[in-house]
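Architecture at a glance
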Amino acid sequence: MNIKVGDKVRFLNTTGGGIVRSFRGKDQVLVEDEDGFDIPALIRECVVVGGENEMQVHSSNRPRVQPQPQVQQPMPKPQPKPEEVKVEETAEGERLNIYLAYLPMEPSKVMQDSAYEAYFVNDSNYYLFFNYMYRNNNSWISRYNGLIEPNTKIFMEEFGKEDLNDLERVCVQLIAFKKDKPYSLKNSISVELRLDTVKFYKQHCFMENDFFEEEAMVYPIVRNDVPEKELLVSAAELKEAMYQKAREDRHAPQTIVKKKSDGAVLEVDLHITELLDNTNGLSNADMLTYQLDKFHEILGKYAGHKGQKIVFIHGKGDGVLRTAIEKELKTRYKQHYYQDASFREYGFGATMVTIK
């Protein structure tokens, strides 16, 4: 006889019966009587009843579902841990070469409304903890910080032209290390840079580079383990440097400036180091373009000052800037008179233009 949970049974050897609620072992069941009590009974002493002989049980007790025996699930096999990507080291990567890179999101709109992307480039065999921040009055505000793996670049942020004022002074602090292997100790580094934000408006300032398929403006932070500019300089070191410069200036030959009777002569030094504080990322062609832009700017400013003499100091060098200036004077500014400036004062390194 098959008895199941929920069957109504009566006892063979005694009065009573009820509903089977559960099993005890192989030969016993628990039977709930009409008063709600569970009574153990042998299976062989119970008979299933039905029809008009069906027994009434306590109305408040609904049949309970027999809990299913738990099937022991096989233990999951341990999954192998994903292997870390092996860092491919290079001989040159043992020296830190770290860069900031800026890319226009729409190169064709650099002069109008293009936004920009900022990347941190780690061209070395070292992991780097780094913090990228900008100066706000006398404080610094972090723009991005994190960990970057060896020989990788990481996207930091997207920004628009309205954010360029915040990027005039930026700073990067970093700590270099390797994982699970010996390495040469690198000093922690803090470098402050001044970005020429005007370049972000000039498409030619974004150039081909080693790190992106797109043209980018790349600023070195560390080159061959040497930081571009240490930010942490003690007051004593700064004071000594100022005194040293004063001593050198005192012993250096002094240029005698004479007043000319024929009126003031305007001197414009077109050496790139006088025009820009930082030429990182600029090619020779870019620097020449910048120098010629300054040349055009000055001539345009004094176009109405007839008789004004302007000496453009371009240096002797390889003659590229001098040749470019003469070409402009022969074609675009044919109305003006020009000649070599005083050899005694400038050697072969200057051209004097008289506004006509």
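Anyway, here's the lowdown on the structure attached to this text. What you see as residue numbers is a count from 1 along each chain, following the sequence as written. Reporting in this predicted model follows two pLDDT cut-offs: at least 70 for local features of residues, and 80 or more for side-chain atom pairs to be given and counted; totals over whole chains, interfaces and linings ignore these cut-offs and use all residues. Heavy atoms throughout the structure, all of them, feed into the side-chain values; hydrogens and water do not.

Attention now moves to the overall build of the protein chain. A run of H or I in DSSP becomes a helix once it reaches four residues, and a run of E becomes a strand once it reaches two; helices and strands are each numbered from the N terminus. Looking only at helices and strands, the protein chain features 5 helices and 18 strands. Between buried and exposed lies partly exposed: a residue is buried under 20% and exposed over 50% of the maximum accessible area for its type, with that area taken using a 1.4 Å probe on protein chains only. Per-residue burial for the protein chain yields a buried fraction of 37% across its 356 residues. Sequence-distant contacts in the protein chain: of pairs separated by 6 or more residues, those separated by 24 or more amount to 63%. Note that accessible areas follow from Shrake-Rupley with a 1.4 Å probe, and for residues the cover is restricted to the protein chains shown. For the protein chain, the exposed area adds up to about 23600 Å²; of that, 50% sits on carbon and sulfur atoms. The contact rule is simple, with two residues in contact once any of their heavy atoms fall within 4.5 Å.

A contiguous nonpolar surface patch, about 270 Å² in accessible area, is contributed by Phe 129, Leu 147 and Ile 175. On the secondary structure map, Ile 175 appears in strand β11 (residues 169–177). Nonpolar side chains (Val, Leu, Ile, Met, Phe, Trp, Tyr) are joined into patches within 5 Å and like charges within 9 Å, using only residues with over 30% relative accessible area and no salt bridge. Salt bridge, as used here: a side-chain nitrogen of Lys or Arg that lies within 4 Å of a carboxyl oxygen of Asp or Glu.

Turning our attention to the sheet that holds strand β6 (residues 98–104). Strands qualify as paired when DSSP identifies two bridges or more between them. Pairing within the open sheet is antiparallel, and its 5 strands lie in the order β10-β7-β6-β13-β14. At either margin of the open sheet sits one strand with a lone partner, and together these are β10 (152–159) and β14 (226–227). Looking at chain direction, strand β13 (residues 217–223) and β14 are connected through 2 bridges and run antiparallel. Note that in β14 the partner of Arg 223 across the bridge is Val 226.

Before going further, it helps to spend a moment on the nonpolar core. What is meant by a nonpolar core is a set of buried Ala, Val, Leu, Ile, Met, Phe, Trp, Tyr and Cys residues, joined one to another through side-chain atoms within 4.5 Å. The biggest cluster of nonpolar side chains holds 36 residues, and the ones touching the most others in it are Leu 100, Tyr 102, Phe 120 and Leu 128. Within the residue set of this core, elements represented by two or more residues are β6, β7 (116–122), β8 (127–136), β10, β11, β12 (189–194) and β13. Domain boundaries shown here were taken from an automatic or database domain assignment. Taken domain by domain, the makeup of this core includes at least three residues from each of domain 2 (97–227) and domain 3 (262–355). Excluding its chain neighbours within four sequence positions, the residues that come into contact with Phe 120 are Ile 98, Tyr 99, Leu 100, Leu 128, Phe 130, Ile 148, Thr 152, Lys 153, Ile 154, Met 156, Val 172 and Leu 174. Core analysis: the next-biggest nonpolar cluster, separate from the first, contains 16 residues, Val 268, Ile 298, Ile 310 and Leu 321 among them.

All right, on to the packing of aromatic side chains then. Centres within 6.5 Å are what make two rings of Phe, Tyr or Trp a pair, Trp counting through its six-membered ring; a difference in plane orientation under 30 degrees is then read as stacked, over 60 as edge-to-face, and the rest as tilted. Enumeration over the complete set of coordinates arrives at 18 aromatic pairs. Taking the centre distance of 5.5 Å and the plane angle of 70 degrees together, the rings of Tyr 102 and Phe 200 count as edge-to-face. In this pair, Tyr 102 sits in strand β6 while Phe 200 sits in the loop between β12 and β13, placing the two residues 98 residues apart along the sequence. A residue is classified by how much of its surface remains accessible, and Phe 200, at 0% relative accessible area, is buried.

What follows concerns the pattern of salt bridges. When the charged atoms of two side chains with opposite charge come close together, those side chains can pair. Overall, the coordinates contain 14 salt bridges when judged by the stated rule. One network of salt bridges, in which partners are shared, links Glu 89, Glu 94, Lys 178 and Lys 181.

Here we take up the sheet that holds strand β1 (residues 8–11). The strand order across the open sheet formed by 5 strands is β4-β3-β2-β1-β5, and the pairing between neighbours is antiparallel. The two strands at the open ends of the sheet, each matched to only one other strand, are β4 (38–42) and β5 (46–48). The average undirected angle you get between the axes of adjacent strands in this sheet is 50 degrees. Where strand β3 (residues 28–32) meets β4, 5 bridges bridge the pair, whose relative direction is antiparallel. When the sheet's bridge partners are listed, Val 31 is paired in β4 with Ile 39. Orientation is described by lines fitted to C-alpha atoms, with helices fitted over the stretch in contact, and by angles between N-to-C directions that extend from 0 to 180 degrees.

Let us look at the pairing of strand β16 (residues 309–313). The two faces of a sheet get side chains in turn, since along a regular strand they alternate between them. A large share of β16 lies buried, amounting to 4 of its 5 residues. Of the pairings in the sheet, the one linking strand β15 (residues 265–269) to β16 comprises 5 bridges and is parallel in character. For Leu 266, the partnering residue across the bridge sits in β16 and is Ile 310. Where β16 lies against strand β18 (residues 350–354), 5 bridges are found, and the strand directions are antiparallel. When the bridges of β18 are listed, Ile 313 appears paired with Ala 350.

Next up on the list: the pairing of β13. Judged by how many residues are buried, β13 sits mostly within the fold: 6 of 7 residues are covered. In the sheet, β6 pairs with β13 via 5 bridges, with the strands oriented antiparallel. Bridge pairing in β13 links Ile 98 to Val 222. Counting the residues in the hairpin turn of β13 and β14 gives 2 residues, including Asn 224, whose phi is positive at 55 degrees.

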